[in-house]
Amino acid sequence: MGHARGAKALREAEQEPEEEARVAVLAIQLGMLEDAEQLYKACKRYDLLNKFYQASNQWQKAIETAEAHDRVHLRTTYYNYAKHLEAVGEHSLALTHYEKSDTHRFEVPRMLSENLQALENYVNKMKDKSLWKWWAQYLESQSAMKSALKYYALAQDYFSLVRVHCFQGDIQKAAEIANETGNWAASYHLARQYESQGEIKQAVHFYTRAQAFNNAIRLCKENNLDDQLMNLALLSSPEDMIEAACYYEEKGEQMDRAVMLYHKAGHFSKALELAFATQQFGALQLIAEDLDEKSDPALLARCSDFFIEHAQYEKAMELLLTAKKYQEALQLCLKQNLTITEEMAERMTVSKDSKDLSEESRRELLEQIADCCMRQGNYHLATKKYTQAGNKLKAMRALMKSGDTEKIIFFAGVSRQRESYIMAANYLQSLDWRKDPEIMKNIISFYTKGRALDLLAGFYDACAQVEIDEYQNYEKAQGALTEACKCLSKSKTISLPDQESKLTHLQSKMALIKRFLHARRVYSEDPKEAIRQCELLLAEQDLDSAIRQGDVLGFLVGHYLRVEEFHVAYRYLEEMRKRIPCTNLTYYVNQQTIEAVHRGVGIPISQSLFPEQSHHSSMETKEVEEEVAEEVEDP
């Protein structure tokens with residue numbers, strides 16, 4: 001066809017993925033515009049349809065398509081339409097579409113540059129800061145300074161306000177604006193003006209407001225404004241701090257400021273060196289607080305030595321721990337009697353996966369920490385450290401010293417070591433286990449788990465004695481002794497001779513108690529046999545090892561009172577007094593029985609017979625009387 005432009009358009013259209021879009025390009029080149037429009041709509045290529053409408057001067061359709069289907073290119077469509085309107089002289093309509101495309105801030109002033117009055121009216125109408133600033137700059141270029149200041153103020157362009165006021169020589173007004181607004185650029189410009197005029201303090205002030213600290217520091221150094229220099233350096237960058245510190249150091253005055261600035265800038269070694277040289281104790285304390293594990297170990301050691309020399313042991317301790325010099329820290333604790341807190345102990349505790357210490361050294365260190373805690377009486381912390389060191393026996397000993405029964409029981413349960421069970425049971429026996437069944441239960445459990453059957457037998461023997469001494473319950477005592485014999489016979493931890501000796505002793509006690517229990521049981525059926533058995537028991541040499549003589553004598557007194565053999569009853573009362581001197585007889589025989597016996601023999605009651613009676617309360621006496629009465633009436 002010889003249509004070169006159409007051929008080029010078709011080659012370019014081959015990149016389009018839709019076949020309709022490629023055919024539409026061919027239709028356009030052949031003048032088939034309606035077909036091209038339908039093809040674009042069919043494949044929904046509204047972006048190409050939008051371009052087609054713009055190229056064919058169908059602007060209304062282009063805008064409608066962009067608003068409905070091609071919003072990505074909406075502002076571009078508005079802008080292109082505005083350019084078209086401007087070209088055909090439709091300035092008012094073009095202005096509206098420039099605003100819609102958000103290009104009015106520079107396109108409208110350009111379009112109205114030949115009509116300044118219309119441009120000024122437009123600027124005042126829009127009330128846009130960018131337009132105000134542009135108009136102010138234009139007025140300034142035309143030397144209309146007063147009007148320019150007005151529009152700079154409307155645009156809140158404080159830098160330009162200060163710049164124009166300075167240009168006009170009204171530096172006071174410029175200073176007011178800079179102080180009120182705090183604008184950095186305005187403050188910096190004003191500071192430059194003051195510096196050029198030799199007003200150093202004002203220049204420093206506004207450089208500071210502009211956060212141009214290096215300029216302010218430069219002026220302070222040049223004019224010996226040392227106080228202001230310090231404040232500025234602290235607000236500035238580390239580089240400026242070091243520069244100011246060097247200034248103070250070179251002057252040789254106010255070295256504390258130099259130390260502080262080196263410290264704040266992170267130059268710890270230099271700060272410490274200067275603090276050591278000038279003996280600034282307070283500064284050293286502040287610097288030491290910021291030292292950590294990443295600090296130079298030699299530096300940490302030097303600081304700790306300094307604190308030790310000046311008797312600041314706690315500070316020295318902190319630094320030694322930071323430097324991981326645990327042995328030195330422990331020695332310092334022991335030497336200066338410093339209390340190891342839980343925090344300090346944790347800092348000295350090296351983790352298992354640490355490469356600083358071997359496992360053996362780690363355990364040794366933990367035991368040393370625990371030993372130190374033991375000396376200081378911190379038993380709970382010592383227990384914790386011994387446990388971490390794997391020494392559960394020492395941990396249990398420390399815990400026992402603390403007297404924390406609940407934790408001792410818990411620790412023995414979780415440690416699961418024979419020695420720990422035995423130690424816990426021994427400790428629990430020292431408590432008032434008679435009144436707490438739970439403690440008694442744990443004692444039996446721990447001796448059993450610790451396979452200490454000989455010790456368990458001893459505990460059952462003690463239980464039997466308590467039942468006899470405190471409750472006169474020989475039945476329960478017999479049961480406890482039976483358990484003691486069972487345990488002792490099974491024990492494999494003591495020698496055979498000792499085992500046989502102890503078994504013989506227990507069996508002897510059980511035999512005596514059995515005879516007494518038999519006498520009490522048969523009393524109702526055969527009183528004579530019961531009394532004969534009791535009299536035989538009194539003749540036993542080792543009776544006190546199993547049965548209290550007072551219980552047997554009290555039983556006999558009660559019997560002879562009931563059968564009204566008062567002289568015999570009185571004789572047994574006298575024998576009780578002789579066999580058990582310094583004892584209140586009412587513990588074994590109630591007061592009513594004693595009085596009845598004395599009435600029966602016609603002998604007044606001697607006060608010396610009851611030397612301790614006055615020391616017992618009436619309630620105690622009544623309880624004892626009731627017990628003895630029950631024992632006599634129901635043996």
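Check the entry above for the structure.
First, a word on scope: everything that follows refers to the structure included in this document. The model shown is predicted, which means the values in this text are computed figures rather than measured ones.

As for the pattern of salt bridges
Next up, step 1: Across all of its chains, the model carries twelve salt bridges by this definition.
Next up, step 2: Residue Arg163 pairs with Glu140 through a salt bridge whose shortest N-O separation is 2.6 Å. Of this pair, Arg163 sits in helix H12 (residues 158-167) while Glu140 sits in helix H10 (residues 129-141), placing them 23 residues apart in sequence.
Next up, step 3: Accessibility expressed as a relative area gives 18% for Glu140, which makes it buried.
Next up, step 4: The shortest N-O distance in the salt bridge between Arg548 and Asp551 comes to 3.0 Å. For the pair Arg548 and Asp551, one class covers both residues: buried.

Details of the packing of H12 against helix H14 (residues 184-196)
Next up, step 1: H14 packs onto H12 with a crossing angle of 20° between their chain directions and a minimal axis gap of 8 Å. Taken together, the axes of H12 and H14 are roughly parallel relative to one another. In this structure, H12 meets H14 at a crossing whose hand is right-handed. Two secondary-structure elements touch here, H12 through Tyr158, Phe159, Val162, Arg163 and Cys166 and H14 through Ala185, Ala186, His189, Leu190 and Gln193.

Focus: unusual backbone geometry
Next up, step 1: In the Ramachandran plot, Lys44 falls in the positive-phi region, its phi being about 60° despite a non-glycine side chain.
Next up, step 2: Structurally, Lys44 can be placed in the loop between helix H3 (33-42) and helix H4 (46-55).
Next up, step 3: Overall, the relative accessible area of 61% leaves Lys44 in the exposed class.
Next up, step 4: For Ser143, which is not glycine, the phi torsion reads 65° and is therefore positive.

Some points on the packing of aromatic side chains
Next up, step 1: Evaluated as defined, the whole model comprises twelve aromatic pairs.
Next up, step 2: A ring pair is formed by Trp134 and Tyr138, whose centres lie 6.1 Å apart and whose planes are at 5°; its orientation type is stacked. You can see Trp134 and its partner Tyr138 sitting in helix H10, four residues apart, about one turn around the helix.
Next up, step 3: Owing to a relative accessible area of 33%, Trp134 belongs among the partly exposed residues under this scheme.
Next up, step 4: Taking relative accessible area as the criterion, Tyr138 reaches 24% and is therefore assigned partly exposed.
Next up, step 5: On the numbers, 5.7 Å between centres and 15° between planes, the contact of Tyr560 with Tyr572 is stacked. Of the two residues, Tyr560 sits in helix H36 (residues 549-562) while Tyr572 sits in helix H37 (residues 566-579), which places them twelve residues apart along the sequence.
Next up, step 6: Judged by its relative accessible area of 10%, Tyr560 falls in the buried class.
Next up, step 7: Through a chain of ring-to-ring contacts, three or more aromatic side chains come together here, namely Tyr474, Phe516, Tyr523 and Phe555.
Next up, step 8: If you follow Arg571 out to its NZ or CZ, it ends over the ring of Tyr572, 4.8 Å from the centre.

Here's the deal with the side chain of Gln478
Next up, step 1: Summarising the element assignment, Gln478 is placed in helix H33 (residues 474-490).
Next up, step 2: Dropping the residues within four chain positions of it, Gln478 is found in contact with Met510, Ile513, Lys514 and Leu517.

A short note on the environment of Phe459
Next up, step 1: Positionally, Phe459 belongs in helix H32 (residues 453-471).
Next up, step 2: Accessibility expressed as a relative area gives 0% for Phe459, which makes it buried.
Next up, step 3: The spatial distance from the C-alpha of Phe459 to the C-alpha of Leu481 is 9.7 Å, given a sequence separation of 22 residues.
Next up, step 4: Not counting residues within four places of it along the chain, the set of residues in contact with Phe459 comprises Gln429, Trp433, Met440, Ile443, Ile444 and Tyr447.

Criteria and thresholds
Residues numbered from 1 in each chain as written. Predicted model: local features only at pLDDT ≥ 70, side-chain atom pairs only at ≥ 80, totals over all residues. Heavy atoms only, no water. Salt bridge = Lys/Arg side-chain N within 4 Å of Asp/Glu carboxyl O. Helix = DSSP H or I, 4+ residues; strand = E, 2+ residues; numbered from the N terminus. Buried < 20%, exposed > 50% of the residue type's maximum accessible area, 1.4 Å probe, protein only. Axes fitted to C-alpha atoms, helices over the stretch in contact; angles between N-to-C directions. Parallel < 35°, antiparallel > 145°, perpendicular 65-115°, else oblique. Left-handed = near helix turned anticlockwise from the far one by under 90°. Contact = heavy atoms within 4.5 Å. Phe/Tyr/Trp six-rings, centres within 6.5 Å; stacked < 30°, edge-to-face > 60°. Lys NZ or Arg CZ within 6 Å of the ring centre and 35° of its normal.

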